[in-house]
Amino acid sequence: MTPRATRWSLFFGGAAVAASMVAWATHEGTLASQGSAPAPSAAPAPTAAPTPTAAPTPTAAPTRSVAPNAAPALSGARRVADPGPLLAQLEREDPRGLRVDAQIDRIVAWLAANPGSAPALAAWIREQNSRYDALAPWPRIALAALGAAGVAEARAELRALAAASGLSSALRLHALMHLGRSAGVDASDLDALVALSAQRTPEPGARSSMVATAALSTVGALAQAGRLEDPAARERALSVVRTALEAETDPAYVLAAVQGVAASSEPALLPALEPLSSHGDAEVRAAVASALGRLPGGTDAGWALAWASREATARVRAELARAVQSANGAEPSPDWTAWAIESLPTERGTSGRALVALAGAAAAAGSQPARDALLVRFKAEQALGGSADAALLRDLGQHLDANTLGAAIAAGSAH
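Residue indices begin from 1 for each chain and proceed along its sequence in written order. The model is predicted, so local features are restricted to residues of pLDDT at least 70 and side-chain atom pairs to those at 80 or more, both for listing and for counting; the totals for chains, interfaces and linings are taken over all residues. Side-chain measures here rest on the full set of heavy atoms in the structure, leaving out hydrogens and waters.

### A few points about the overall build of the protein chain
Heads up, the condition is: Helix and strand assignments come from DSSP, with helices taken as H or I runs of at least 4 residues and strands as E runs of at least 2, each series counted from the N terminus. Relative accessibility decides the category of a residue: with a 1.4 Å probe and only protein chains considered, values under 20% of the type maximum give buried, values over 50% give exposed, and everything between is partly exposed. Any two residues whose heavy atoms approach within 4.5 Å are treated as being in contact.
Of the regular secondary structure elements, the protein chain holds 22 helices and 0 strands. For the protein chain, with 415 residues in total, the buried portion stands at 52%. Nonlocal contacts in the protein chain, meaning residues at least 24 apart in sequence, comprise 69% of its contacts between residues at least 6 apart.

### A word on unusual backbone geometry
One non-glycine residue, Leu135, lies in the positive phi region at around 65 degrees. A positive phi angle, near 55 degrees, is found at Ser265, a position not held by glycine. Looking at the secondary structure, you find Ser265 in the loop between helix H13 (251–264) and helix H14 (270–273). The exposure class assigned to Ser265 is partly exposed, which follows from its relative accessible area of 32%.

### Some points on helix H7 (residues 137–149)
To keep it simple, the criterion reads: Expected span of a helix, by definition, is 1.5 Å for each gap between consecutive residues, and there is one gap fewer than residues.
If you check H7, its first and last C-alpha atoms are 18 Å apart, about what 13 residues at 1.5 Å a residue would give, namely 18 Å. Here H7 lies mainly inside the structure; 12 of its 13 residues are buried. For H7, the set of buried residues is Pro137, Trp138, Pro139, Arg140, Ile141, Ala142, Leu143, Ala144, Ala145, Leu146, Gly147 and Ala148. Gly150 sits one or two positions beyond H7 and adopts a positive phi of about 70 degrees.

### Quick notes on the packing of helix H10 (residues 187–197) against helix H11 (residues 210–222)
For any two helices packed against each other, the geometry is given by the interaxial angle and the distance between the axes. Test applied: Every axis corresponds to a line fitted to the C-alpha atoms, with the helix fit spanning only the stretch in contact, and the corresponding angles, defined between N-to-C directions, vary from 0 to 180 degrees. Crossing handedness is defined as follows: a turn of the near helix away from the far one that is anticlockwise and smaller than a right angle gives a left-handed crossing, while the clockwise case is right-handed. In this classification, the charged set is Asp, Glu, Lys and Arg, the nonpolar set is Ala, Val, Leu, Ile, Met, Phe, Trp, Tyr, Cys and Pro, and all remaining amino acids, among them Gly, are polar.
The interhelical angle for the contact between H10 and H11, taken along N-to-C directions, is 145 degrees, at an axis separation of 7 Å. Two packed elements cross with a definite hand, and for H10 against H11 that hand is left-handed. Between H10 and H11, the residues in contact are Asp189, Leu190, Leu193, Val194, Leu196 and Ser197 and Val211, Ala212, Ala215, Leu216, Thr218, Val219 and Leu222, respectively. Considered class by class, the residues forming the contact of H10 with H11 number 10 nonpolar, 2 polar and 1 charged.

### Description of the packing of helix H9 (residues 169–181) against H10
Close contact between H9 and H10 brings their axes to 11 Å; oriented N to C, the two are set at 145 degrees. Considering the relative orientation of H9 and H10, their crossing is left-handed. On the side of H9, the interface is formed by Arg172, Leu176 and Leu179, while H10 contributes Asp189, Leu193 and Leu196. Split by residue class, the contact of H9 with H10 holds 4 nonpolar, no polar and 2 charged.

### Structural notes on the environment of Leu255
By the element assignment, Leu255 lies in helix H13. Sequence spacing of Leu255 and Ala286 is 31 residues, and the spatial spacing of their C-alpha atoms is 9.3 Å.

### Some remarks on H13
We apply this condition: Any N or O atom pair separated by 3.5 Å or less is treated as a polar contact, with the protein-specific requirement of one donor-capable and one acceptor-capable atom, and with residues adjacent in sequence counted only for side-chain atom pairs.
Compared with an ideal rise of 1.5 Å per residue, which puts 14 residues at 20 Å, H13 spans 20 Å between its outermost C-alpha atoms and is within 8% of the ideal. In terms of burial, H13 is largely enclosed, as 14 of its 14 residues are buried. At the N-terminal boundary of H13, the capping side chain belongs to Asp250, with an oxygen 2.8 Å from the backbone nitrogen of Ala252. Looking one or two places after H13, you find Ser265, whose phi comes out positive at around 55 degrees.

### Describing the pattern of salt bridges
Stated formally: Salt bridges are defined by distance alone: a side-chain nitrogen of Lys or Arg within 4 Å of a carboxyl oxygen of Asp or Glu.
For the coordinates displayed, the defined rule picks out 16 salt bridges. Across the pair Arg322 and Glu319 runs a salt bridge whose closest N-O atoms are separated by 3.2 Å. With Arg322 and Glu319 both in helix H17 (residues 314–328) and 3 residues apart, the pair spans about one turn of that helix. Judged by relative accessible area, which is 37%, Arg322 ranks as partly exposed. Taking the relative accessible area as the measure of exposure, Glu319 reaches 19% and is therefore buried.

### With respect to the side chain of Gln103
With respect to the helices and strands, the residue Gln103 is situated in helix H4 (residues 100–113). When near neighbours in sequence (up to four residues on either side) are disregarded, Gln103 contacts Leu90, Asp94, Trp138 and Ile141.

### Regarding the nonpolar core
To be explicit about the condition: By convention a nonpolar core is built from buried Ala, Val, Leu, Ile, Met, Phe, Trp, Tyr and Cys residues, the set being connected through side-chain atoms within 4.5 Å.
Counting residues in each nonpolar core, the largest one holds 110 residues, and the members touching the most others are Leu121, Ile125, Leu146, Leu161, Leu176 and Leu273. With residues near it in sequence (within four places) discarded, Leu121 still touches Pro83, Leu87, Ile107, Trp110, Leu111, Ala142 and Leu146.

### Section: the packing of aromatic side chains
Defined as follows: Ring geometry is summarised as follows: Phe, Tyr and Trp rings, the Trp one being its six-membered ring, pair when their centres sit within 6.5 Å, and such pairs are stacked at plane angles under 30 degrees, edge-to-face over 60 and tilted between the two.
Counting across every chain of the model gives 2 aromatic pairs. Note on Trp303 and Trp307: the rings are 6.2 Å apart at their centroids and 20 degrees apart in plane angle, and the pair reads as stacked. Here Trp303 pairs with Trp307, and both are found in helix H16 (residues 302–310), just 4 residues apart, close to one helical turn. Residue Trp307 is classed as buried on the basis of its relative accessible area of 0%. For the pair Trp336 and Trp339, a centre-to-centre distance of 5.3 Å together with 85 degrees between the ring planes defines the contact as edge-to-face. Of the two residues, Trp336 and Trp339 are both situated in helix H18 (residues 334–343); the distance of 3 residues between them amounts to about one turn of the helix. Trp336 gets classed as buried once you look at its relative accessible area, which sits at 3%. Accessibility expressed as a relative area gives 4% for Trp339, which makes it buried.

If you want it as structure tokens, here you go:
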């Protein structure tokens, strides 16, 4: 059964793959409303949602009619069962789907008690296509349950949903990402993802296909050590991602390949990332920077530090700083500490805060130059008065001891 933390990520977008693909869709200016469900909240769900161009008009009403007092099929009978009564009851009990984990567990239990019923659950999800685009929670919970079931017939239905061109792009996107995170994935699942990655028909108004790009990224997730029992299948998955890194020219698919490398956690793919550190699209470079933090030895590669020294885009520098912290934990290497100290005086905003965090980790590990650099940066920002970056000052203050911070504030006030 899928761990709870994983289920939340699956239900609300799938993984880092989902976030990156949604970010790309937003970057393209299309399909932004389809990328993921809203974050869990006790607040009421939105009363209206944007209608994607390629999807049916959203409606808040279920498309299936069920008896209002139908009981859930949890008797353990070994037969194909209709999920409608169970889902209707669960939705009446929890209309906004706030108890996600518990509801997924109930649907998974129903699938276990009714083997052979995964196709019926998938049929119900298909009927909810327009509700999916309206961000209704229950079709998404049902889809997450298919992903959490961990049985071959559920994965087969996820493959079919992901491949169904007439369905919502968001539903297809989430189906393939649930497939990529399911237990027991095998060569048939890999074949389906590779086939989807080759279907390059863009959604209306988009330059690329969200389904194809996410499928390519998810191939990398299957290549994680231990996911595919067949070594030949794993090598094929790695080969697909490696070839895409080297051969793709469209930035959307290059980005997807980079995300596939990050999802694979395979250090053998690290050399193939190096040429992309000079890619003309900052989105791609930011993804490469992030991937360094997820690959063993990523930030230790000699080209990574050289790249950081020449990188001109603040967002990418921020991702590099985060990658170093992610990879090195509480103690950055002396070379990366020196890079952070050198870059700190001129950085503001998101990149400034990421560099402060990196320099702060070095200071906490005993680097006096890092502590000095933080204090100098604090004084310089404080001197800006009303135009100072308040968030940056707050972050800087967290890495300075009370006496040092108090003295710096007093000196600034005297001026």
